Amino acid sequence: MEQNTAPYREHNRTSLTKEKLKQGFLDNLYFIQGKFPTLASRNDYYLALAYTIRDRMLHRWISTATNYYESGARTVCYLSAEFLMGPHLGNNLVNMGIFGMVKEVVEELGLNFEELLAQEEEPGLGNGGLGRLAACFIDSLATLEIPALGYGIRYEFGIFEQTIVDGWQMEKTDKWLRNGNPWEVPRPEWAQEVRLGGHTEQYTDENGRLRVRWVPAKIVLGIPYDTPILGYRTNTANTLRLWKSEAPESFDFEVFNRGDYYGAVDQKVTSENISKVLYPNDEQLSGKQLRLEQQYFFVSCSLRDMLRVLAIQNIPLSRFHEKFAVQLNDTHPAIAVAELMRLLLDEYLVDWDDAWEITQRTFAYTNHTLLPEALEQWPLPLFASVLPRHLEIIFEINSRFLDEVRIKFLGDEARLARLSLINEGGERYVRMAHLACVGSHAINGVAELHSELLKQDVLKDFYELWPEKFRNKTNGVTPRRWMILSNPSLASLVSDRIGNGWVRDLEQLRQLEPMADDADFRKEWWDVKRANKVAFAQYIFKRTGILVDPESMFDFQVKRIHEYKRQHLNVLHIISLYRRLKENPNLEVPPRTFLFGGKAAPGYHTAKRMIKLITSVGEVINRDPDIRDRIKVVFVPNFNVTTGQKIYPAADLSEQISTAGKEASGTGNMKFSMNGALTIGTLDGANVEIREEVGAENFFLFGLTADEVYALRASGYHPYDYYNTNPHLKDVIDLLRGGSFSRGDADLFRGLTDGLLHHDPYLLFADFQSYVDCQEEVSRAYLDRDHWTRMSILNAVRSGKFSSDRSIRQYCEDIWKAEPVPITLLGQNEEPT
Ligand code: C3B
């Protein structure tokens, strides 16, 4: 059917004039919410506004889909178990370039714009850095006009909401969908069937060939829910496609459960369980059957969806890898390697060699961690019970792979065992990272140091086998959300001086370097920071009842709570400073507010105790009259994208203090630096590159290097010796052990202190003195406001490298071979009616 699309352009629902926006808003309140202003709630208004904006995105979305369909261009498919998107409304307004106008429209209607923005529940479908990276990447893909789809899971419950009760973390389920989600469109017509469990059988096909059939124990349906992802000031609107699991009614109700109504309902419940909840573990494997089912579920749906697109575009199957570049975001989707093989072999009857070539040319794998406990492995019996056919295929991949290794490394049996897809030491496991490496044509780390350490350590044997597969793609973050939306005053200060080309080309910020020497500019810069701090101080007071002084240095450590990230090292310094201030009230240090934020995995008891440590130390210090507010310690509850947007702009100092060699990259470090915070950090992850960019003189460096960490461990590390020989460290630990921060309860932190004294796997004691000395340097630097502001400006304007646009350009050139497809809006050549 031919359709004239011109009428949609000036329609109430699409036009961008203020009058039409107002009319559209009131129409949506009436026709979608079924409300009129006297009865409407804040949520009704938010939804009406969201629908009004979505209406204006649809033309781009539909035009983009049509353009892609016609161009047949190569499409990037980003497979990720997590997408930590954050609220959509503000970001969509920024990317469409209508933030200011819509604010005016809302205010002219007598409503509070900020309140409506705050009404949106953030889709917290991720744990931390890995999920947020996926969100930044799909923003950049759309901005760079690259045909791309994000594929993941539409969890009904995202990352839990954290509250602090008596200083401890409590978890509440995240009911983000309870008030409706205006941004998504369900596409039940593109549902996919996913099989699970059962067994396999051999049969002979009509040509007399032996084939395998998988007889599953159950089938679940995957329903895609699509969300448009706008590029910044482009016509591109790409798609985030998240799968929800449902029971296929005909299957359960008629065939298998005839007469057993309750049993059938039970089936329905278990089917829906698959996409029910995000596992809240960050860098720790859980080994649960449901998690493997989640991974397979979304991967299978996504690959079948690609095959559907291939068919409607009439592209032969042999060109699958030319049409799609599929990125595996960590090992969570690594089962895709076996699933694409299975689809090609069993369902499309492709030969092994051809199927394997297509598979390897399709996939690329990003590794995000060096922590051994985060490398996914599945026990063989569990794997076999969920994915019996995939296990057979993995054995076959492995046997062919090991043959290749044998030829290259004759007689090296130990190497074969190390490389095998199956871990045979004791209980047998499938090693997902190995599956990802073998099935991909490219393997990358997420910062230069991390990529080097992968080659030297975690993936050394693969590097020796296939050095050409390895590369680095340093992470980045989107300046749209993390500067324009979060820090509008800083963004407009910058744009006033250099225009707004920097938003798409962040290196342009360097044009501002000379301004660091301009006293007027420095004053404006300081005032922006100061205003952001005042706003954040009000926020803290509302959330925690703690009053903090915006004149004090705002020193932040926000990230997941983890021993390797060393929030407790930060606490050791706070205690040592507190002690010195008590002893010498005339100590010349600037007032400081130490702020922490981050969630602990609910089952990670040490991390939960680290939160209790922070809040307990805060309780004592914040109340101590001797300190007279010179230091404050605050735990900001429920750190997420929304609170992050308030935090980064208000920060003076960014704590990036992981043990060298442990943090793959970090991305919060980049957000802080972009917003003018100085970093105190180790030579770990992307800190190394941040320091290179901003200049060593504008970065507070401390601690052992990764090489020194290895050497120290190898020579035998004895934390107790540091305690014995460093009286400051001893005092700090003794205060903790004596119950000074636990109302006399000497047991509360005994596990933590004993762990440090006798094991200290993350080398806090080895880095303690260097950290404390470096913090003194920070304090001295802050006393010189001019100098500090100069450094702050240079940090921000030299952070161009850390735009996710740069990361995505490199992935496109080097791994995906994907080109931009600029979008022509439908009806652009037609006359508006
Ligand atoms: C994180 C790493 O811990 C960060 O260093 C890194 O910046 C991000 O990924 C993005 O690359 N990570 C995570 O959040 N969850 C994991 N399971 C593994 C790594």
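Residues numbered from 1 in each chain as written. Predicted model: local features only at pLDDT ≥ 70, side-chain atom pairs only at ≥ 80, totals over all residues. Heavy atoms only, no water.

On to the overall build of the protein, then. A tally of regular secondary structure across the protein gives 33 helices and 25 strands. For a compact globule of 833 residues, the expected C-alpha radius of gyration is about 28 Å, and the protein comes in at 28 Å, within 12% of that figure. Taken along the three principal axes of its C-alpha coordinates, the protein extends 90 × 75 × 55 Å. For the protein, with 833 residues in total, the buried portion stands at 61%. Across the protein, contacts joining residues at least 24 apart in sequence account for 77% of those joining residues at least 6 apart. Here the protein contributes 95 positive and 114 negative side-chain charges, whose respective centroids are spaced 2 Å apart. (Helix = DSSP H or I, 4+ residues; strand = E, 2+ residues; numbered from the N terminus. Rg over C-alpha atoms; globule rule 2.2 N^0.38 Å. Buried < 20%, exposed > 50% of the residue type's maximum accessible area, 1.4 Å probe, protein only. Contact = heavy atoms within 4.5 Å. Lys, Arg positive; Asp, Glu negative; His and termini not counted. Charge placed at Lys NZ, Arg CZ, Asp CG, Glu CD.)

Here we take up the packing of aromatic side chains. All told, the structure shown has 26 aromatic pairs when counted by the stated rule. Residues Phe-521 and Trp-525 carry aromatic rings whose centres are separated by 5.9 Å and whose planes lie at 40° to one another, so their mutual orientation is tilted. You can see Phe-521 and its partner Trp-525 sitting in helix H21 (residues 519–544), four residues apart, about one turn around the helix. The same class applies to Phe-521 and to Trp-525, which are both buried. Between the aromatic rings of Trp-526 and Tyr-782, the centroid separation amounts to 6.2 Å while the plane-to-plane angle is 40°, which identifies the pairing as tilted. Highlighted residues: Trp-526 in helix H21 and Tyr-782 in helix H31 (residues 764–783), separated in sequence by 256 residues. Under the relative-accessibility criterion, Trp-526 is labelled buried at 13%. Judged by its relative accessible area of 8%, Tyr-782 falls in the buried class. Counting every residue linked through ring pairs, the aromatic cluster contains Trp-482, Phe-536, Tyr-539, Phe-554, Phe-556, Tyr-648 and Phe-672. The aromatic ring of Trp-190 is capped on one face by Arg-308, whose charged end is 4.1 Å from the ring centroid. (Phe/Tyr/Trp six-rings, centres within 6.5 Å; stacked < 30°, edge-to-face > 60°. Lys NZ or Arg CZ within 6 Å of the ring centre and 35° of its normal.)

Turning our attention to the packing of helix H6 (residues 129–143) against helix H33 (residues 804–816). The geometry of H6 relative to H33 is characterised by a closest axis approach of 9 Å and an angle of 75° between their N-to-C directions. With respect to H33, the element H6 is oriented roughly perpendicular. For the pair H6 and H33, contact is made by Cys-136, Phe-137, Ser-140 and Leu-141 and by Ser-804, Asp-805, Ser-807, Ile-808, Tyr-811 and Trp-816, respectively. Here the residues of the contact of H6 with H33 sort into six nonpolar, three polar and one charged. (Axes fitted to C-alpha atoms, helices over the stretch in contact; angles between N-to-C directions. Parallel < 35°, antiparallel > 145°, perpendicular 65-115°, else oblique. Nonpolar A, V, L, I, M, F, W, Y, C, P; charged D, E, K, R; others polar.)

The next point concerns the nonpolar core. Ranked by size, the top nonpolar core spans 112 residues in total, and within it Leu-79, Phe-383, Ile-397 and Trp-816 carry the most contacts. Take this core: its biggest share by element is eleven residues, from helix H9 (residues 289–312). Both domains that furnish three or more residues to this core are identified here as domain 2 (74–87 + 122–473) and domain 3 (479–813). If we ignore the near neighbours within four places in the chain, the residues touching Ile-397 are Val-337, Met-341, Trp-352, Trp-356, Leu-421, Leu-435 and Val-438. Trp-526, Leu-577, Val-772 and Met-791 belong to the second largest nonpolar core, which has 68 residues in total. (Core = buried A, V, L, I, M, F, W, Y, C linked by side-chain atoms within 4.5 Å. Domains from an automatic or database assignment.)

Once that is clear, we can look at the sheet that holds strand E15 (residues 377–379). Here we have three strands laid out as an open sheet, ordered E15-E17-E16, and antiparallel in their pairing. Here the strands that pair on one side only, and so sit at the sheet edges, are E15 and strand E16 (422–423). Where E16 meets strand E17 (residues 429–431), two bridges bridge the pair, whose relative direction is antiparallel. Opposite Asn-423, over in E17, you have Tyr-429 as the bridge partner. In the packing of helix H16 (residues 432–439) onto the sheet, the strands contacted are E15 and E17, and the crossing angle to E17 comes to about 40°. (Pairing = 2+ DSSP bridges.)

Running from N to C, helix H22 (residues 567–583) and helix H29 (residues 727–737) cross one another at 100°; their axes reach a closest spacing of 9 Å. On the basis of the axis angle, H22 is roughly perpendicular to H29. Contact residues: Leu-572, Ile-575, Ser-576 and Arg-579 in H22; His-728, Leu-729, Asp-731, Val-732, Ile-733, Leu-735 and Leu-736 in H29. Across the contact of H22 with H29, the residue classes tally to seven nonpolar, two polar and two charged.

On to the site of the ligand. Glu-283, His-368, Asn-475, Glu-663 and Gly-666 are the nearest of the 15 residues found near the ligand. Between an oxygen atom of the ligand and a main-chain N or O atom of Gly-129, the distance comes to 3.3 Å. Interatomic distance of 3.0 Å between a backbone N/O atom of Ser-665 and an oxygen atom of the ligand. Coverage of the ligand by the protein chains reaches 94% of its 420 Å² of free accessible surface. When atom positions are compared with the pocket grids, the ligand is found to occupy the largest cavity. Residue assignment places the shell around the ligand across two domains, with domain 2 (74–87 + 122–473) and domain 3 (479–813) each supplying three or more. (Near = heavy atom within 4 Å. Polar contact = N/O pair within 3.5 Å; in protein donor to acceptor, adjacent residues only side chain to side chain. Areas by Shrake-Rupley, 256 points an atom, 1.4 Å probe, with all protein chains shown as cover. 1 Å grid on protein atoms, 1.4 Å probe; cavity = no way out; pocket = protein on both sides within 12 Å on 5 of 7 lines; lining within 4 Å. Sits in = over half its atoms within 2 Å of the grid points.)

Our focus in this paragraph is the pattern of salt bridges. Counted under the stated rule, the structure contains 68 salt bridges. The closest approach of N and O atoms between Arg-308 and Asp-305, which form a salt bridge, is 2.9 Å. Taken together, the positions of Arg-308 and Asp-305, both in helix H9 and three residues apart, correspond to about one turn of that helix. Measuring nitrogen to oxygen at the nearest pair gives 2.6 Å for the salt bridge that ties Arg-592 to Asp-555. On the criterion of sequence distance, the pair formed by Arg-592 in strand E21 (residues 592–597) and Asp-555 in strand E20 (residues 553–558) is long-range, its members being 37 residues apart. (Salt bridge = Lys/Arg side-chain N within 4 Å of Asp/Glu carboxyl O.)

What follows is about helix H26 (residues 687–694). Taken together, the buried positions of H26 are Asn-687, Glu-689, Ile-690 and Val-694. Down the axis of H26, the sector holding all buried residues measures 160°, keeping them to one side. The secondary structure elements touched by the buried residues of H26 are helix H17 (448–458), strand E23 (653–656), helix H25 (668–674), strand E24 (678–681) and helix H32 (785–797). The first or second residue beyond H26 is Gly-695, which carries a positive phi of 100°. (Arc of directions from axis to C-beta.)

You can see Ala-442 is positioned in strand E18 (residues 442–445). On the basis of relative accessible area, Ala-442 is assigned to the buried category, the value being 0%. Each C-alpha atom, one on Ala-442 and one on Asp-814, is 9.2 Å from the other, the two residues being 372 residues apart in sequence. Ignoring sequence-local partners within four residues, the contact set of Ala-442 consists of Phe-363, Ala-364, Tyr-365, Lys-469, Arg-471 and Ile-815.

Attention shifts here to helix H2 (residues 42–71). Relative to the 44 Å expected for 30 residues at 1.5 Å per residue, H2 spans 43 Å between its end C-alpha atoms, a close match to the ideal helical length. Counting buried positions along H2 yields 22 of 30 residues, so the element is predominantly enclosed. Just past H2, the residue Gly-72 takes up positive phi, approximately 65°. (Expected span 1.5 Å × (residues − 1).)

Okay, the domain arrangement of the protein next. The accessible area lost on association of the parts is a frequent measure of interface size. In terms of domains, the protein is made up of domain 1 (1–73 + 89–121), domain 2 (74–87 + 122–473) and domain 3 (479–813). Residue-level contacts link five residues of domain 1 with four residues of domain 3. For the pair domain 1 and domain 3, the two sides together bury roughly 350 Å², of which 71% comes from carbon and sulfur. The largest share of the area that domain 1 buries against domain 3 comes from Asn-91, Val-94 and Asn-95, three residues that together contribute 86% of it. (Buried area = accessible area lost by both parts, 1.4 Å probe.)

The residue Asp-330 is not glycine, and still its phi comes out positive at about 70°. Here Asp-330 is to be found in the loop between strand E13 (324–329) and helix H11 (336–347). Residues other than glycine seldom take positive phi values, yet Arg-743 does so here, at roughly 50°. The topology assignment puts Arg-743 in the loop between H29 and helix H30 (750–758).

Per the stated rule, a full pass over the model turns up nine cavities of 30 Å³ or more. One number sums up the size of the largest cavity: a volume of about 830 Å³. As for the largest cavity, its lining consists of 50 residues, of which Asn-127, Gly-128, Gly-129, Leu-130 and Asp-282 are closest to the centre. Mapped by element, the contributors of at least two residues to the lining of the largest cavity are H6, helix H24 (641–647) and H25. Of all the elements, H6 adds the most residues to the lining of the largest cavity, at five residues. Classifying every residue of the lining of the largest cavity gives 15 nonpolar, 21 polar and 14 charged. Here the lining of the largest cavity spans two domains, since at least three of its residues come from each of domain 2 (74–87 + 122–473) and domain 3 (479–813). (Points joined across faces, edges and corners; volume = space filled by probe spheres on them.)

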